[in-house]
Amino acid sequence: MTTTTFDTSSDRTAAGEETRTRPGLGVLLLGWICVLFGLVICVGGIWLIALGGSWYYGIAGAGLIATGILLNHGSTTALWLYLLIWAGTLVWAWWEVGADWWAQVPRMVAPTVILVLLLLCLPNISRVQRRRP
């Protein structure tokens with residue numbers, strides 16, 4: 001009796017070895033989390049801009065949405081875009097509260113956690129990039 005398995009995340013080469021051509025489940029999950037969080041932050045940021053407040057949340061939310069979309073496509077550009085967003089967040093947080101460590105924590109912890117998760121996904125994304133024509 002033979003069993004058939006369906007692997008939608010990889011292609012088989014002529015030699016029978018498996019190569020990944022799509023991002024793995026973890027990358028896709030992180031991508032969708034970025035898109036969803038980005039939508040919330042961006043919508044709130046647009047409202048804040050309309051009220052005359054900071055543009056940070058609108059820009060960061062849009063960048064997070066774009067990062068999520070790029071992750072879902074398996075693009076390493078997602079990392080570079082997110083690094084830009086993270087650096088912008090660091091500059092904004094420093095400008096807003098200065099060197100006050102406890103005031104920096106709520107502004108930088110979540111973006112840094114996302115950065116670490118993105119870095120953990122990088123080997124999977126790199127494999128996808130190597131296989132694309």
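Summarised in this report is the structure supplied together with it. Treat the numbers as computed from the prediction; the structure is a model and nothing was measured.

1. Some words on the packing of aromatic side chains
Counting across every chain of the model gives three aromatic pairs. Look at Tyr 56 and Tyr 57: their rings are 5.0 Å apart centre to centre, the planes differ by 75°, and that puts the pair in the edge-to-face class. Classification of Tyr 57 by relative accessible area gives partly exposed; the value is 34%. Taking 5.5 Å as the distance between ring centres and 75° as the angle between the ring planes, the aromatic pair formed by Tyr 57 and Trp 92 counts as edge-to-face. With Tyr 57 in helix H2 (residues 56–72) and Trp 92 in helix H3 (residues 77–97), this pair connects stretches of sequence that are 35 residues apart. With relative accessibility at 10%, the residue Trp 92 sits in the buried group. The rings of Tyr 56, Tyr 57 and Trp 92 are connected pair by pair, giving a single aromatic cluster.

2. Considerations on the pattern of salt bridges
What the rule picks out here adds up to one salt bridge. For the salt bridge of Arg 107 with Glu 96, the shortest nitrogen-to-oxygen distance reads 2.7 Å. Separated by eleven residues along the polypeptide, Arg 107 in helix H4 (residues 101–131) and Glu 96 in helix H3 bring together distant segments of the chain. Using a relative accessible area of 24% as the deciding quantity, one classes Arg 107 as partly exposed. Glu 96 sits in the partly exposed class, given a relative accessible area of 38%.

3. A closer look at the layout of surface pockets
Estimated volume of the largest pocket: approximately 280 Å³. Taken together, 17 residues form the lining of the largest pocket, with Ile 41, Tyr 56, Leu 64, Ala 110 and Pro 111 sitting closest to its centre. Of all the elements in the fold, those that place two or more residues in the lining of the largest pocket are helix H1 (25–50), H2, H3 and H4. Residues of the lining of the largest pocket, tallied by class, amount to 14 nonpolar, two polar and one charged.

4. Some thoughts on the environment of Tyr 57
Residues Tyr 57 and Cys 42 lie 15 residues apart in sequence; the distance between their C-alpha atoms is 6.0 Å. Other than its neighbours up to four places away in sequence, Tyr 57 contacts Ile 41, Cys 42, Gly 45, Leu 48 and Trp 92.

5. Thoughts on the nonpolar core
If you look at the biggest cluster of nonpolar residues, it comprises 19 residues, and the most contacted ones within it are Leu 30, Cys 34, Leu 71, Tyr 82 and Leu 118. Among the secondary structure elements, those contributing two or more residues to this core are H1, H2, H3 and H4. Aside from chain neighbours lying at most four places away, what touches Cys 34 is Leu 64, Ile 65, Gly 68, Leu 71 and Ile 114.

6. Comments concerning H3
For H3, spanning 21 residues, the distance from its first C-alpha to its last is 30 Å, which sits close to the expected 30 Å at 1.5 Å a residue. Every buried residue of H3 is listed here: Ala 78, Leu 79, Tyr 82, Ile 85, Thr 89, Trp 92 and Ala 93. One side of H3 carries all its buried residues, which in axial view fall inside an arc of 145°. Residues of H3 that are exposed and point over 90 degrees away from its buried face: Trp 80, Leu 84, Val 91, Trp 94 and Trp 95. After H3 finishes, the residue Gly 98 shows a positive phi value of roughly 70°.

Conventions used here
Residues numbered from 1 in each chain as written. Predicted model: local features only at pLDDT ≥ 70, side-chain atom pairs only at ≥ 80, totals over all residues. Heavy atoms only, no water. Phe/Tyr/Trp six-rings, centres within 6.5 Å; stacked < 30°, edge-to-face > 60°. Buried < 20%, exposed > 50% of the residue type's maximum accessible area, 1.4 Å probe, protein only. Helix = DSSP H or I, 4+ residues; strand = E, 2+ residues; numbered from the N terminus. Salt bridge = Lys/Arg side-chain N within 4 Å of Asp/Glu carboxyl O. 1 Å grid on protein atoms, 1.4 Å probe; cavity = no way out; pocket = protein on both sides within 12 Å on 5 of 7 lines; lining within 4 Å. Points joined across faces, edges and corners; volume = space filled by probe spheres on them. Nonpolar A, V, L, I, M, F, W, Y, C, P; charged D, E, K, R; others polar. Contact = heavy atoms within 4.5 Å. Core = buried A, V, L, I, M, F, W, Y, C linked by side-chain atoms within 4.5 Å. Expected span 1.5 Å × (residues − 1). Arc of directions from axis to C-beta.

On their own, these measurements won't tell you what the molecule is for.
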